[in-house]
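Below, each chain spelled out in residue letters.
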Amino acid sequence: IGSEICRQILNLAPKTIILFDHSEYLLYKIYEELSFNITSKNYSVRIKPILGSVQDENLLNKLFAEEKISIVFHAAAYKHVNLVEKNVFETIKNNIFGTEVICSVSQKFEVENFILISSDKAVRPTNYMGATKRVAELICQSFQKSKSKTNFSLVRFGNVIGSSGSVIPKFDNQIKNGGPVTVTHKDVERYFMTIQEAAQLVIQSVALAKGNDIFILDMGKPIKIIDLAKKMISLKGFMPYLKIKKNETNIQSQKKIQILVTGLNKGEKLYEELMFDDNSFKTLHPRIMLVNEVSLNKKKYNELINKIKIFTKTKNLNKIDNLFKHSSIQMKK
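Reading the values: rules and limits
- Residues numbered from 1 in each chain as written.
- Predicted model: local features only at pLDDT ≥ 70, side-chain atom pairs only at ≥ 80, totals over all residues.
- Heavy atoms only, no water.
- Helix = DSSP H or I, 4+ residues; strand = E, 2+ residues; numbered from the N terminus.
- Rg over C-alpha atoms; globule rule 2.2 N^0.38 Å.
- Contact = heavy atoms within 4.5 Å.
- Phe/Tyr/Trp six-rings, centres within 6.5 Å; stacked < 30°, edge-to-face > 60°.
- Buried < 20%, exposed > 50% of the residue type's maximum accessible area, 1.4 Å probe, protein only.
- Salt bridge = Lys/Arg side-chain N within 4 Å of Asp/Glu carboxyl O.
- Patch = residues over 30% accessible without salt bridge, like charges linked within 9 Å, V, L, I, M, F, W, Y side chains within 5 Å.
- Areas by Shrake-Rupley, 256 points an atom, 1.4 Å probe, with all protein chains shown as cover.
- Core = buried A, V, L, I, M, F, W, Y, C linked by side-chain atoms within 4.5 Å.
- Axes fitted to C-alpha atoms, helices over the stretch in contact; angles between N-to-C directions.
- Parallel < 35°, antiparallel > 145°, perpendicular 65-115°, else oblique.
- Left-handed = near helix turned anticlockwise from the far one by under 90°.
- Nonpolar A, V, L, I, M, F, W, Y, C, P; charged D, E, K, R; others polar.
- Pairing = 2+ DSSP bridges.
- Right-handed = clockwise from strand over helix to strand, strands pointing away.

A. Region of interest: the overall build of the protein chain. Each helix and strand counted, the protein chain has 12 helices and 15 strands in total. Rg of the C-alpha trace for the protein chain: 21 Å, near the compact-globule value of 20 Å for 333 residues, within the 12% margin. Counting only C-alpha atoms and orienting by the principal axes, one finds that the protein chain spans roughly 70 × 55 × 40 Å. For the protein chain, restricting intrachain contacts to residue pairs at least 6 apart in sequence, the fraction spanning at least 24 positions comes to 78%.

This is the structure we're talking about:
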C-alpha cells in the first residue's frame, strides 16, 4: 500500500517523495520504478530513498531536520496474521513502538498531516496483528490530544487485492500447481478493494483531515472466500469441487481443482468489521466515511504504553495477553 501511495502521489507533482523502508529489496524496487517514471514522463520530482526502521528515532530526527516534510503516510507494519502470532514481541516493537516514535518525531517537527494506515482487524481484534494496530490507533489519537500542530488521523479498511500476502496470488499459485486451493472455513468472508482504489482514497482523505479523524473506506459488501476460490478456479477453465467422488476418473480429475477446507488459523475471525458501532457519518467524498470512537485519556494511555514496554522487555506473553484484553483494545483470544 505504501508503494502504491507513492506511485499515485508522483502523478500529483510533489516537490519531494521520501521513501522510508527497512527492506533493502523493496526499497530498491520502488525507488527504481519511480525514478524510471520521473525520467520517462519528464517530472521534476525529487526522490529520496532511506533505508531504516521506524523504531530508529535518531535516524528519523536527522531526516526530519534535513527535510521539511508536510505529510507522513505511516504504512509500516507487520501484518501477516500467522507470522505475527509466532513473532509477537517483534511485531509489538514495529507496530506499536515504531508508531509511537514516528508520531513523536512528526509532532516535534510540526508535520502538517499524519495519516496512519490501519486495518479492519483492529476492531475487536482476535489476533496480535489486530491488537497492535488497535494500539497504534490509540497512539495517534493520544498525540492529537496533546495540542499538536500536526493533524493526526487514521484510515481503516479491509483486504487489499494485490498487496503482499493477499489471498488472490496465493490462490492463483495453488491453481497453477493443480490444487488444492486452501480455504480455512466455508463461512469466512472478507472485504476486498483494489490496491489502486485504496491508495487513491487514502490520499484523498488528507484533504478531509482536520485531526483526530477516523476515516472508514466504503469497501462494498464482504465476499465469501470460498466463493472467491470457486470463481478463480472457474475463470482458469477448471471445475471447483470440495469432495472427490469414488467413481471419478483421472481424466475428470485433470479438469477439476479441489478446494480444501483446512480449519480456522489461530486468531482468525469468520468476518471482519470496519467500526466498533454502526455509527458512521458522510464526508464530502462518497466513499470515505467518518466514525466517532472513544479514545483513552492521557493517564490511561500512559499506563497502557508503559505496561506494554515493560512486558515486552521481559517477554511476558501472558501479561501482554491480559493487557490486550483491556476494554480499550478488546482483544478476544
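B. View of the packing of aromatic side chains. Counting across every chain of the model gives 3 aromatic pairs. Taken together, a centroid distance of 5.2 Å and an interplanar angle of 45° make the contact between F114 and F152 tilted. Taken together, the positions of F114 in strand β4 (residues 113–119) and F152 in strand β5 (residues 151–157) put the pair 38 residues apart, joining distant regions of the chain. Take F114: its relative accessible area is 0%, and that puts it in the buried class.

C. Spotlight on the pattern of salt bridges. Overall, the coordinates contain 23 salt bridges when judged by the stated rule. Across the salt bridge formed by E33 and R7, the nearest N and O atoms sit 2.5 Å from each other. Separated by 26 residues along the polypeptide, E33 in helix α2 (residues 24–41) and R7 in helix α1 (residues 2–10) bring together distant segments of the chain. A relative accessible area of 29% places R7 in the partly exposed class. Residues joined in a network through salt bridges with shared partners are R46, K48, K62, E66 and E67.

D. The arrangement of a nonpolar patch on the surface in detail. Among the surface-exposed residues, Y25, L26 and Y28 lie close enough to one another that they form a single nonpolar patch of about 360 Å² accessible area. If you trace the backbone, Y25 turns up in helix α2.

E. The nonpolar core, seen in detail. F64, I92, I96, F157, I308 and F324 are the most contacted members of the largest nonpolar core, which totals 79 residues. Beyond its immediate chain neighbours, meaning those up to four positions away, I308 contacts I92, I96, F97, V135, I320, L323 and F324. Formed by 14 residues, the second largest nonpolar core is a distinct cluster that contains I175, F192, I225 and L228.

F. A look at the packing of α1 against α2. Across the interface, α1 lies against α2 with an axial gap of 11 Å and an inter-helix angle of 10°. One finds that α1 runs roughly parallel with respect to α2. Handedness of the α1/α2 crossing: right-handed. Mapping the contact onto sequence places S3, C6, R7 and L10 in α1 and I30, E33, L34, N37 and I38 in α2. Across the contact of α1 with α2, the residue classes break down as 5 nonpolar, 2 polar and 2 charged.

G. Structural context of the sheet that holds β4. Taken together, 6 strands build an open sheet; the order of strands is β3-β4-β5-β10-β15-β14 and the sheet is mixed. The two strands at the open ends of the sheet, each matched to only one other strand, are β3 (71–74) and β14 (280–282). Each strand axis lies, on average, 30° off the axis of its neighbour in the sheet, ignoring direction. Pairing between β5 and strand β10 (residues 214–217): 3 bridges, direction parallel. When the bridges of β10 are listed, L154 appears paired with I214. Against the sheet, helix α6 (residues 128–145) touches β4, β5 and β10, its axis set at about 160° to β4.

H. Geometry of the pairing of strand β2 (residues 46–51). Here strand β1 (residues 16–21) pairs with β2 via 6 bridges, running parallel. By the bridge assignment for β2, D21 is matched with L51. Crossover β1 to β2 through α2 is right-handed.

I. View of the environment of V291. Relative to the helices and strands, V291 resides in strand β15 (residues 288–291). The exposure class of V291 is buried, given its relative accessible area of 5%. Separated by 17 residues in the primary sequence, V291 and L274 place their C-alpha atoms 9.8 Å from one another. For V291, the residues in contact, after removing those within four places along its chain, are I214, I216, M275, N279, S280 and F281.

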